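# Descriptive structure summary
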Amino acid sequence: LQGNLSRPPGREHFEPTSMFIWNWYLTQEAFQSPTSIWRLNVIHGFVDQSRISVFGHNIFVTLIARRSRHFAGARFLKRGANNKGYVANDVETEQIVHDAATTSFFLPPGRYGSNPGYTSFLQHRGSIPVYWAQEAAAMAAKPQIELTVVDPYYTAAAKHFNSMFKRYGTPIMVLNLVKCKEKTRRESILLEQLTDAITYLNQFLPDDRRIQYVAWDMAHASKSGDQDVIATLEDLAEQVLETTGFFHSGAEPSVNVERRAITGKHRTTRMFQHGILRTNCVDCLDRTNAAEFVVGKCALGHQLFALGILTSPYVPFDCDAVNVLNILYHDHGDTIALQYGGSHLVNTMETYRKISPWTSHSRDMIESIRRYYSNSFTDAEKQDAMNLFLGNYVPLKQTTPLWELTSDFALHNEHPLLQAPIPRYGMSVSCTFHGDDDRHDDSRTATVRGGHRMRLTSIKTAACQSPLRIWTHTLTSTIGQPRTR
């Protein structure tokens, strides 16, 4: 919504994000222009809307989830990231709150984009952006996690976060909910990988644009009696709203200025969301959906306050508005889980609030069995259908039939010789050297355009009459792999 209301009106100015259009391959040949009136873009995810009444105001709450078409697939067949930086189970969730007392953003004419009755908040979920996999075994409900590629420069994570910076801006906040204490190491392997990846990538970013990382064992906190899962998530949610903000399509209501008479400040322009929260667990289903709901619940309070409906940006848990939002996020989580895991949510919000009835245990067991059956017996056909529909596999006479492929790895990854190099920012290869070539010192320095300093090493060999000097320097991008030349 923020992007749509920030551009001029008219379909000719509409630029859809191609990664969320699932019929992109099917329509690209016939309608090459994304603004064609004959082109109907299709998303895969979730859409629902509910109306709530708050002090006589008709408020519409809309939840939209958009699943990425890149590296899409079933649970055990698509894990981690590919070498293009796309991750599995990549879903963007937008929460829109609209006051129906005002007209739409199309009427009256000339008011497009300045209607103060719309707010939106954006979240993101996606698999851990490193190279890892789980082999679906017929007798193992939880296969062992394996790191498939040793990537010391974390190129997949670098490309993934570069894409997020381009789409959402900064800061990027990462909430990692995987387990850290286990009898048999499974999820903790990914905890170490993601922690090391973000620590490595942050050294190439300016201080004010670094990835903000929070790791918290939500499963352990839920089972322990001395930790309040909901209170911890609410504190984190308030920090997220303070850091990234949310989108409001118009000026601040005058009633809010009167309530805040001490400061006397009045926001007369639109407010934008800068950056995004990225949440993940192992599957990005149960724990992730619960965390997204709590963040969405805190965002709902801020959105209603920005519309001038509430006197404070806080809504209690046991109220009608939050109950409606809970149903929306529950259906949202069930749909996302069906698409990726093959069953509904196993652990719902009531589980983490510890108010679930005793009958929920049998329900959770049934959903676990459904997920196990789907992953073991039906996911392969689902994956083939997705590869065919999305254009990852194009049937030709000279190609191997889809059902005879032992793996679809080549369909989702670029050939190593065809990969584009990681971009370098603010750096030039032309150097000005300081020092004398005839000096016998082992090193000297050079200044790279932009003021960067680097040390160059001279190597002498005994087999040569004169010293053989090999000058090497290291260039680093804003976020990515160091390159030595």
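For the structure itself, consult the block above.
Source: prediction; values computed, not measured.

Definitions and cut-offs
- Residues numbered from 1 in each chain as written.
- Predicted model: local features only at pLDDT ≥ 70, side-chain atom pairs only at ≥ 80, totals over all residues.
- Heavy atoms only, no water.
- Helix = DSSP H or I, 4+ residues; strand = E, 2+ residues; numbered from the N terminus.
- Buried < 20%, exposed > 50% of the residue type's maximum accessible area, 1.4 Å probe, protein only.
- Pairing = 2+ DSSP bridges.
- Axes fitted to C-alpha atoms, helices over the stretch in contact; angles between N-to-C directions.
- Parallel < 35°, antiparallel > 145°, perpendicular 65-115°, else oblique.
- Left-handed = near helix turned anticlockwise from the far one by under 90°.
- Contact = heavy atoms within 4.5 Å.
- Nonpolar A, V, L, I, M, F, W, Y, C, P; charged D, E, K, R; others polar.
- Phe/Tyr/Trp six-rings, centres within 6.5 Å; stacked < 30°, edge-to-face > 60°.
- Lys NZ or Arg CZ within 6 Å of the ring centre and 35° of its normal.
- Expected span 1.5 Å × (residues − 1).
- Polar contact = N/O pair within 3.5 Å; in protein donor to acceptor, adjacent residues only side chain to side chain.
- Core = buried A, V, L, I, M, F, W, Y, C linked by side-chain atoms within 4.5 Å.

## Brief notes about the environment of proline 143
Within the fold, proline 143 resides in the loop between β5 (132-134) and β6 (145-147). Among the residues examined, proline 143 registers a relative accessible area of 5% and is labelled buried. For proline 143 and arginine 186, which are 43 residues apart along the polypeptide, the C-alpha to C-alpha distance reads 8.9 Å.

## Focus on the pairing of strand β4 (residues 118-125)
Across the 8 residues that make up β4, a large majority, 8, are buried. Pairing geometry for strand β3 (residues 91-99) and β4, over 8 bridges, is antiparallel. Considered in β4, the bridge of glutamine 95 is made with phenylalanine 121. Sheet topology places β4 next to strand β9 (residues 247-248); 2 bridges connect them, and they run antiparallel. Pairing of threonine 119 across the sheet is with histidine 248, part of β9. Relative to strand β10 (residues 276-280), β4 is paired through 3 bridges, and the arrangement is parallel. Each bridged residue has a counterpart across the sheet, and for histidine 124 the counterpart in β10 is arginine 278.

## Quick notes on the packing of helix α6 (residues 229-244) against helix α8 (residues 286-306)
Where α6 meets α8, the axes come as close as 9 Å, and the angle between the chain directions of the two elements is 55°. It follows that α6 is oblique to α8 by the angle criterion. Crossing of α6 over α8 shows right-handed handedness. Seen from α6, the contacting residues are Ile230, Leu233, Glu234, Ala237, Glu238 and Leu241; seen from α8, they are Ala291, Val294, Val295, Lys297, Cys298, Ala299 and His302. For the contact of α6 with α8, the class distribution of residues is 9 nonpolar, 1 polar and 3 charged.

## Thoughts on unusual backbone geometry
Residue threonine 170 is joined to proline 171 through a cis peptide bond whose omega torsion reads 5°. Mapping proline 171 onto the fold places it in the loop between α3 (155-168) and β7 (172-176). Backbone geometry places asparagine 89, a non-glycine residue, at a positive phi of 50°. Residue placement: asparagine 89 occurs in the loop between β2 (57-67) and β3. Asparagine 89 gets classed as buried once you look at its relative accessible area, which sits at 3%. Although it is not a glycine, tyrosine 154 adopts a positive phi angle of roughly 50°. Here tyrosine 154 lies in the loop between β6 and α3. On the basis of relative accessible area, tyrosine 154 is assigned to the buried category, the value being 13%.

## Side note on the packing of aromatic side chains
Across all of its chains, the model carries 6 aromatic pairs by this definition. Ring plane angle 50° and centroid distance 5.8 Å describe the contact between tyrosine 154 and tyrosine 200, whose orientation is recorded as tilted. One end of the pair, tyrosine 154, is in the loop between β6 and α3; the other, tyrosine 200, is in helix α4 (residues 187-202), and 46 residues separate them in sequence. One exposure class covers both tyrosine 154 and tyrosine 200, and it is buried. Here phenylalanine 293 and phenylalanine 317 contribute two aromatic rings whose centre-to-centre distance is 6.1 Å and whose plane-to-plane angle is 55°, an arrangement assigned as tilted. A residue pair is termed long-range when its members are at least 10 positions apart, and phenylalanine 293 in helix α8 and phenylalanine 317 in the loop between α8 and α9 (320-340) qualify at 24 residues. Under the relative-accessibility criterion, phenylalanine 317 is labelled buried at 11%. Ring pairing ties together the aromatic residues Tyr154, Tyr200 and Phe204, which thus form one cluster. The side chain of arginine 39 reaches across the aromatic face of tryptophan 24, ending 4.4 Å from its centre.

## Quick word on α6
Look at α6: 22 Å from first C-alpha to last across 16 residues, which is about the 22 Å you get at 1.5 Å a residue. The residue sitting at the N-terminus of α6 and contributing the capping side-chain oxygen is aspartate 228; that oxygen lies 3.3 Å from the backbone nitrogen of isoleucine 230. The first or second residue beyond α6 is glycine 245, which carries a positive phi of 70°.

## Here's the deal with the nonpolar core
By size, the foremost hydrophobic cluster in this structure holds 56 residues, and its most contacted members are Ile59, Met218, Phe293 and Leu304. Among the elements that take part in this core, α8 stands out by supplying 10 residues, more than any other. The contacts of phenylalanine 293, once residues within four sequence positions are left out, are Phe317, Val322, Leu325, Asn326, Tyr329 and Met349.

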